[in-house]
Amino acid sequence: MNPEIPKFSGEQEKQEKVIVTGGTEGIGRAIATELAKQKHDVVICARTQEGLEQLKAENQIEGIQLDLGDTEKIEDFIRQGSKKMDGATILILNAAVPGIREQDDYTFRVNRDAQRVLVESAADLLRVSNGRIVFLSSPQAESPIRDNLAYGQSKRETKNWLKEFSSKEKNKNIHIFSVNPGPVDTRMHDEAISYGGAEIRRRSIQIKAEGKLRDPQLIGRIISKMSLTGNKFNPETDEYDIPIANNEVVVISSENIDFEKSLVSKE
């Protein structure tokens, strides 16, 4: 194991202070609600105030309205969010736009530029807390789809930038990794079918027809556990006890999903 990477046990007892971007629907909502259920402090951002109010009414989650395309407002979001929690220990970079209905410049502004501002704005807090950054990557970051290049390229550039950020000496105590959740049943996938170009639409229809879309609630549970422990699932022990290396891209496995399904069925 790289000695620069902190060791984490499978259980995380301390109360974390977590900032989640895009927390009112899909995977982000699942992550935020799972963390709140475990009594961790959570602050989210989202574009619509209505979604924030609904989530706050149902859970102990603080929300701040923010369009990540307005990058000049991000530093204030981090400042407000961390003030509500008296600090920050984990930053989960969940929010992204699919780049299907959006213009390319907006897609890059949200999926690349905003991610950098979020990290840089939270960096001092995370250095103090020996914190963690979790970035939701995508299969398209490695294999871009021809008629959706802006999305894949922006995700890839963010992943590479995080690696560069992590290599700086002053950031060595911030644990950074990416998670590839695979195909998930979210609005992003619906938009691909309804509005996407020929290639992405064909792929999305095929994935849905083959029943390969994953439940966002299960994916959110898995990401929340990895975010809290810094570990990934071990199918040999049925525990989250394999330390995630800095800059590692964790691909969520079918074994991991089946394990979470079995836990849900017992709850």
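If you're wondering where the values come from, they're calculated on a predicted model, not measured in any experiment.

Asks: So, the layout of surface pockets: which residues are in play, and what are the values?
Replies: Roughly 1100 Å³ of internal volume is contained in the largest pocket. The set of elements that each furnish at least two residues to the lining of the largest pocket consists of α1 (26–37), β2 (41–46), α4 (104–128), α5 (149–167), α6 (187–195) and α7 (198–209). Of the residues forming the lining of the largest pocket, the biggest block, five residues, is contributed by α6. Of the residues in the lining of the largest pocket, the class split is 23 nonpolar, 17 polar and eight charged.

Asks: Which residues make up α6, and what values do they have?
Replies: All of the buried residues in α6 are His189, Glu191, Ala192 and Ile193. Among the structural elements, α7 are those in contact with the buried residues of α6.

Asks: Outline the side chain of Asn246, supporting the account with residue identities and numerical values.
Replies: Among the secondary structure elements, Asn246 is positioned in the loop between β8 (239–243) and β9 (249–251). The buried category is assigned to Asn246, whose relative accessible area is 18%. In terms of polar contacts, Asn246 uses its side chain to reach the backbone amide nitrogen of Ile176, at 3.1 Å.

Asks: If you had to explain the pairing of strand β3 (residues 62–65) to someone new, which residues and values would you point to?
Replies: Where β2 lies against β3, four bridges are found, and the strand directions are parallel. The residue bridging Ile44 from the neighbouring strand is Gly63, located in β3. You can see the chain leave β2, run along helix α2 (residues 49–58) and come back into β3, and the turn it takes is right-handed.

Asks: So what about the environment of Ser262? Which residues, and what values?
Replies: Of note, Ser262 is situated in helix α9 (residues 254–266). Separated by 197 residues in sequence, Ser262 and Gln65 place their C-alpha atoms 36 Å apart. A distance of 2.5 Å separates a polar atom in the side chain of Ser262 from the backbone oxygen of Phe259.

Asks: Mind laying out the nonpolar core, listing which residues take part and the relevant values?
Replies: Ile92, Ile223 and Met226 are the most contacted members of the largest nonpolar core, which totals 33 residues. By residue number, the principal contributor to this core is helix α8 (residues 216–229), which donates six residues. Residues in contact with Ile223, not counting those within four places in the same chain, are Ile27, Ile31, Val134, Leu136, Val179 and Ile252. One finds Ile19, Ile74, Ile78 and Trp161 within the second-largest nonpolar core, a separate group that totals 30 residues.

Scoring rules and cut-offs
- Residues numbered from 1 in each chain as written.
- Predicted model: local features only at pLDDT ≥ 70, side-chain atom pairs only at ≥ 80, totals over all residues.
- Heavy atoms only, no water.
- 1 Å grid on protein atoms, 1.4 Å probe; cavity = no way out; pocket = protein on both sides within 12 Å on 5 of 7 lines; lining within 4 Å.
- Points joined across faces, edges and corners; volume = space filled by probe spheres on them.
- Helix = DSSP H or I, 4+ residues; strand = E, 2+ residues; numbered from the N terminus.
- Nonpolar A, V, L, I, M, F, W, Y, C, P; charged D, E, K, R; others polar.
- Buried < 20%, exposed > 50% of the residue type's maximum accessible area, 1.4 Å probe, protein only.
- Contact = heavy atoms within 4.5 Å.
- Polar contact = N/O pair within 3.5 Å; in protein donor to acceptor, adjacent residues only side chain to side chain.
- Pairing = 2+ DSSP bridges.
- Right-handed = clockwise from strand over helix to strand, strands pointing away.
- Core = buried A, V, L, I, M, F, W, Y, C linked by side-chain atoms within 4.5 Å.

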